[in-house]
Amino acid sequence: KAGVTQTPRYLIKTRGQQVTLSCSPISGHRSVSWYQQTPGQGLQFLFEYFSETQRNKGNFPGRFSGRQFSNSRSEMNVSTLELGDSALYLCASSLVGRAYNEQFFGPGTRLTVL
Amino acid sequence: SQQGEEDPQALSIQEGENATMNCSYKTSINNLQWYRQNSGRGLVHLILIRSNEREKHSGRLRVTLDTSKKSSSLLITASRAADTASYFCATDAGDSNYQLIWGAGTKLIIKP
């Protein structure tokens, strides 16, 4: 079974631009979660989608948004990029998305904002 | 916000020795998970322990959970160079079952 894939793997943007990251979960997994990882803040939960519905959202500004498609693929968008948005963005999939389930992570997208 | 705090922040040991990492958390939990992250394989799930369990084993890994102290420990026995990685504990958010809250991680270096 193919693992979680994320595209692109690396991205360089400038302040004020917007960016869209993509995540394809493991086949059969209906839940996709997004995390931001930085050296200073560690892993921070962004949001979780299940069957195209956002079930939970972390403490991030409205510039961070996401969506999930009927095939469970998910995208996250960051508008009006700031230098502090530079981070590794990780996507995780699981069967039902409950926090008592194992989550399978993709390799991440490394976003650099200049 | 971070729920778990790992201790130590960094650990360097000789190959073959045992490595112990600790995690403390703040609120009541339903379960606690340990993950490993290295540059080669990304973030990988190691083991999950439920709040009604006290100890769990998986190969060379042993995890304990003390809910009265709100703490967990991960023991890696007979360490190998391939165990070099950062180790994170993650818990459910108490009132939310849809997200994991992560500790800051322990960076483990195994010296040959």
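Predicted model only: the values in this text are computed from it and were never measured.

**Student:** Any details on unusual backbone geometry? Residues and values, ideally.
**Tutor:** Here the bond from Thr7(A) into Pro8(A) is cis, since omega is -10 degrees, no more than 30 degrees from zero. Note on placement: Pro8(A) falls in the loop between strand E1 (5-7) and strand E2 (10-13). The phi torsion at Glu52(A) lies on the positive side, around 70 degrees, for a residue other than glycine. Structurally, Glu52(A) can be placed in the loop between strand E5 (42-50) and strand E6 (53-57). Residues other than glycine seldom take positive phi values, yet Ala78(B) does so here, at roughly 45 degrees. Along the chain, the position of Ala78(B) falls in the loop between strand E8 (71-76) and strand E9 (85-92). Judged by its relative accessible area of 38%, Ala78(B) is partly exposed.

**Student:** So what's going on with the side chain of Ser94(A)? Residues and values would help.
**Tutor:** Relative to the helices and strands, Ser94(A) is located in strand E9 (residues 87-94). If we skip the residues at most four places from it in the chain, Ser94(A) touches His29(A), Arg30(A), Ser31(A), Glu102(A) and Gln103(A).

**Student:** An account of the pattern of salt bridges is needed here, citing residue identities and associated values.
**Tutor:** What the rule picks out here adds up to eight salt bridges over all chains. The closest approach of N and O atoms between Asp85(A) and Arg63(A), which form a salt bridge, is 2.8 Å. One end of the pair, Asp85(A), is in the loop between strand E8 (74-78) and E9; the other, Arg63(A), is in the loop between E6 and strand E7 (64-68), and 22 residues separate them in sequence. In this structure, Glu53(B) engages Lys56(B) in a salt bridge whose closest nitrogen and oxygen atoms are separated by 3.9 Å. Relative accessible area serves as the criterion here: at 28%, Lys56(B) is assigned to the partly exposed category. Three or more residues joined by partner-sharing salt bridges are found here, namely Arg63(A), Glu82(A) and Asp85(A).

What counts as what
Residues numbered from 1 in each chain as written. Chains lettered and ligands numbered in written order. Predicted model: local features only at pLDDT ≥ 70, side-chain atom pairs only at ≥ 80, totals over all residues. Heavy atoms only, no water. Helix = DSSP H or I, 4+ residues; strand = E, 2+ residues; numbered from the N terminus. Buried < 20%, exposed > 50% of the residue type's maximum accessible area, 1.4 Å probe, protein only. Contact = heavy atoms within 4.5 Å. Salt bridge = Lys/Arg side-chain N within 4 Å of Asp/Glu carboxyl O.

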